[in-house]
Amino acid sequence: MNRQQLAQEIIEAGRFLYDRGWSPATSSNYSTRLSASEALLTVSGKHKGQLGPDDVLATDLDGNSLEPGKKPSAETLLHTQLYRWKPEIGAVLHTHSVNATVLSRLTLADSLVFADYELQKAFSGISTHESQVLIPIFDNDQDIARLAAKVQPWLDQHPDCVGYLIRGHGLYTWGSRMSDALRQVEAFEFLFECELKTLSISKR
């Protein structure tokens, strides 16, 4: 795909995720791989339901803007480290849903485990509900380089990781194509809601 097509994928993803309530206002950020050494990301501070062609910018994989006058998201490094980690990753989505935010705050452990849900099969590499999907939770940190340094060892030790949560903040997930990343966001949101409802029932 060329830059224009990749930008359009980001724009359409923003509208979809905003409409579902998973990326309110100017929260969240999305990206696609532009080349082996470049990514295309949403510009900082843009409303994700109203993105246009000028609301994306190219960066290198160190997170530096390649377009003067355009400021990348503060969390650009969390995107580019994923493109460095696996060359087959073609899109990364970071969302701020209520369910992801609340569940990550309620979970005192440093990870969530999904088990025996049929929808686990929506994740890349999962072919049966008879499996466990481990989702790490990292404490929020305004120092993104420091946060990225905590994420990387987990990724290196868990090559099958399909996403992670930042506590009180949101979800990161990815795929070889934008459609794959969007599918995983939907699967995560279903599972987050199931877990929260189960918790609410069990505490009655």
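Placed above this text is the structure.
None of these values were measured; they are calculated from a predicted model. (Residues numbered from 1 in each chain as written. Predicted model: local features only at pLDDT ≥ 70, side-chain atom pairs only at ≥ 80, totals over all residues. Heavy atoms only, no water.)

### A short note on the pattern of salt bridges
Part 1 of the reasoning: With the rule as written, the count across this model stands at eleven salt bridges.
Part 2 of the reasoning: The residue Arg 167 makes a salt bridge to Asp 139 at a minimum N-O spacing of 2.8 Å. Separated by 28 residues along the polypeptide, Arg 167 in the loop between strand E7 (163-166) and strand E8 (170-175) and Asp 139 in the loop between strand E6 (132-138) and helix H4 (144-157) bring together distant segments of the chain.
Part 3 of the reasoning: The partner of Arg 146 in a salt bridge is Asp 141, and the shortest N-O contact between them spans 2.6 Å.
Part 4 of the reasoning: A residue is classified by how much of its surface remains accessible, and Arg 146, at 46% relative accessible area, is partly exposed.
Part 5 of the reasoning: A residue is classified by how much of its surface remains accessible, and Asp 141, at 11% relative accessible area, is buried.
Part 6 of the reasoning: Several salt bridges converge on common partners, so that one network encompasses Arg 3, Glu 67 and Lys 70. (Salt bridge = Lys/Arg side-chain N within 4 Å of Asp/Glu carboxyl O. Helix = DSSP H or I, 4+ residues; strand = E, 2+ residues; numbered from the N terminus. Buried < 20%, exposed > 50% of the residue type's maximum accessible area, 1.4 Å probe, protein only.)

### Structural notes on the packing of aromatic side chains
Part 1 of the reasoning: Counted according to the given criterion, the structure contains nine aromatic pairs.
Part 2 of the reasoning: When the ring of Trp 85 is compared with that of Trp 174, the centres are 5.9 Å apart and the planes differ by 85 degrees; the resulting orientation is edge-to-face. Here Trp 85 is found in helix H2 (residues 76-85), whereas its partner Trp 174 is found in strand E8, with 89 residues between them in sequence. Side by side, Trp 85 and Trp 174 carry an identical accessibility label, which is buried.
Part 3 of the reasoning: A centroid spacing of 5.6 Å and a plane angle of 25 degrees characterise the contact between Phe 188 and Phe 192, whose relative ring orientation is stacked. Of this pair, Phe 188 and Phe 192 both sit in helix H5 (residues 178-202), separated by four residues, roughly a single helical turn.
Part 4 of the reasoning: According to the relative accessible area criterion, Phe 188 is buried, its value standing at 0%.
Part 5 of the reasoning: Overall, the relative accessible area of 0% leaves Phe 192 in the buried class. (Phe/Tyr/Trp six-rings, centres within 6.5 Å; stacked < 30°, edge-to-face > 60°.)

### Considering the packing of helix H3 (residues 98-106) against H5
Part 1 of the reasoning: Across the interface, H3 lies against H5 with an axial gap of 9 Å and an inter-helix angle of 50 degrees. As judged from the angle between their axes, H3 and H5 are oblique. Every pair of crossing elements has a handedness; the one defined by H3 and H5 is left-handed. Residues Asn 99, Ala 100, Val 102, Leu 103 and Leu 106 of H3 form the contact with H5, whose participating residues are Glu 189, Phe 192, Glu 193, Glu 195, Leu 196 and Leu 199.
Part 2 of the reasoning: Looking at the contact of H3 with H5, its residues break down into seven nonpolar, one polar and three charged. (Axes fitted to C-alpha atoms, helices over the stretch in contact; angles between N-to-C directions. Parallel < 35°, antiparallel > 145°, perpendicular 65-115°, else oblique. Left-handed = near helix turned anticlockwise from the far one by under 90°. Contact = heavy atoms within 4.5 Å. Nonpolar A, V, L, I, M, F, W, Y, C, P; charged D, E, K, R; others polar.)

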